[in-house]
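Residue-level listing of the chains:
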Amino acid sequence: MSGFFQRLQQLDPRRQQAFMAALCERLLPNYRLYAETTGQGDPHGIRVILDLVWERLAVREARIDFDRQAEKLAELEPPAEDDSFGARRALEAVVALSALLDTLRGEAPEAVLEVSRTSRSGVRAYIELTEGEEDAARLGELVRDHPLMADENDFQDAVLEAVEAGALDREALKALRRLGRNDGVSNLGLSAEE
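As the structure is a computational prediction, the values presented were derived from the model and not from experiment.

Once that is clear, we can look at the nonpolar core. With 50 residues, the main nonpolar core has Leu8, Phe19, Leu50, Val53, Leu97 and Leu100 as its most contacted residues. Secondary-structure elements contributing two or more residues to this core are α1 (2-10), α2 (13-38), α3 (43-58), α4 (66-74), α5 (85-105), α6 (111-131), α8 (147-164) and α9 (170-181). Of the residues forming this core, the biggest block, 11 residues, is contributed by α2. Tyr126, Leu139, Leu148 and Met149 belong to the second-largest nonpolar core, a separate cluster that totals 10 residues.

This is the structure in structure tokens:
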């Protein structure tokens, strides 16, 4: 895994942002599901913020106030007292997008690693919840070998390869966004109606 994180850190900031944006796309259905099941949150609001990020990636001179977007995003967090599984996964989408916004607002050298780890940790939490294994060593093995974790690792590898390859022009960004949207299926294998 360390080679993967090294490659992430070697990307230029715009490529790191594209990587994070694709991962955020795949986290959004978890937020949407949380909003649908609890009536909390605003899936449209979070979608708009991520759309602005893609716009900035495509049009470098786009004038977008990312400080304002970060304020709006903070208002979309699940309530702090909600410690449900769904709220924690929704919060991961907000945290990942927030880290991405930090890079657009200034220096955030660790943000790309944070987003990658956030997405993986959500998958790990889901596997731990669904497998119900008490033995830590056995659980670690289950997580490592689980199809969802394999899918997450393959997905992040594919996104990294896509942002490393060639120019990040409009077409490449569109393809990356499609990859991130993953046909509406989140990193947990869940989907919500748009």
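Turning our attention to the pattern of salt bridges. Within this structure, the stated rule accounts for 16 salt bridges. Ionic pairing is found between Arg177 and Glu25, a salt bridge with its closest N-O pair at 3.4 Å. In this pair, Arg177 sits in helix α9 while Glu25 sits in helix α2, placing the two residues 152 residues apart along the sequence. The exposure class of Arg177 is partly exposed, given its relative accessible area of 23%. The salt bridge involving Asp51 is made with Arg177; its shortest N-O contact spans 2.3 Å. Of the two residues, Asp51 is situated in helix α3 and Arg177 in helix α9; the sequence distance between them amounts to 126 residues. What emerges from the salt-bridge pattern is a single network uniting Glu25, Arg47, Asp51, Arg177 and Arg181.

Turning next to the packing of aromatic side chains. By the definition in use, this model includes 3 aromatic pairs. Aromatic side chains Phe4 and Phe5 sit 5.7 Å apart centroid to centroid with 75° between the ring planes, which places their arrangement in the edge-to-face category. Phe5 sits in the buried class, given a relative accessible area of 15%. Each ring, one from Phe85 and one from Tyr126, has its centre 5.9 Å from the other, and the planes form 45°; the classification is tilted. A residue pair is termed long-range when its members are at least 10 positions apart, and Phe85 in helix α5 and Tyr126 in helix α6 qualify at 41 residues. Accessibility assignment for this pair places Phe85 and Tyr126 in one class, buried. An aromatic cluster is defined as three or more aromatic residues linked by ring pairs; in this entry it consists of Phe4, Phe5 and Phe19. Over the face of the ring belonging to Phe85 we find Arg89, whose NZ or CZ atom lies 4.6 Å from the ring centre.

Structurally, Gln156 is set in helix α8. We classify Gln156 as buried; its relative accessible area is 0%. A polar atom in the side chain of Gln156 sits 2.7 Å from the side chain of Glu152. Other than its neighbours up to four places away in sequence, Gln156 contacts Phe4, Phe19, Leu23, Ser116, Ser119 and Arg120.

Analysis parameters
Residues numbered from 1 in each chain as written. Predicted model: local features only at pLDDT ≥ 70, side-chain atom pairs only at ≥ 80, totals over all residues. Heavy atoms only, no water. Core = buried A, V, L, I, M, F, W, Y, C linked by side-chain atoms within 4.5 Å. Buried < 20%, exposed > 50% of the residue type's maximum accessible area, 1.4 Å probe, protein only. Helix = DSSP H or I, 4+ residues; strand = E, 2+ residues; numbered from the N terminus. Salt bridge = Lys/Arg side-chain N within 4 Å of Asp/Glu carboxyl O. Phe/Tyr/Trp six-rings, centres within 6.5 Å; stacked < 30°, edge-to-face > 60°. Lys NZ or Arg CZ within 6 Å of the ring centre and 35° of its normal. Polar contact = N/O pair within 3.5 Å; in protein donor to acceptor, adjacent residues only side chain to side chain. Contact = heavy atoms within 4.5 Å.

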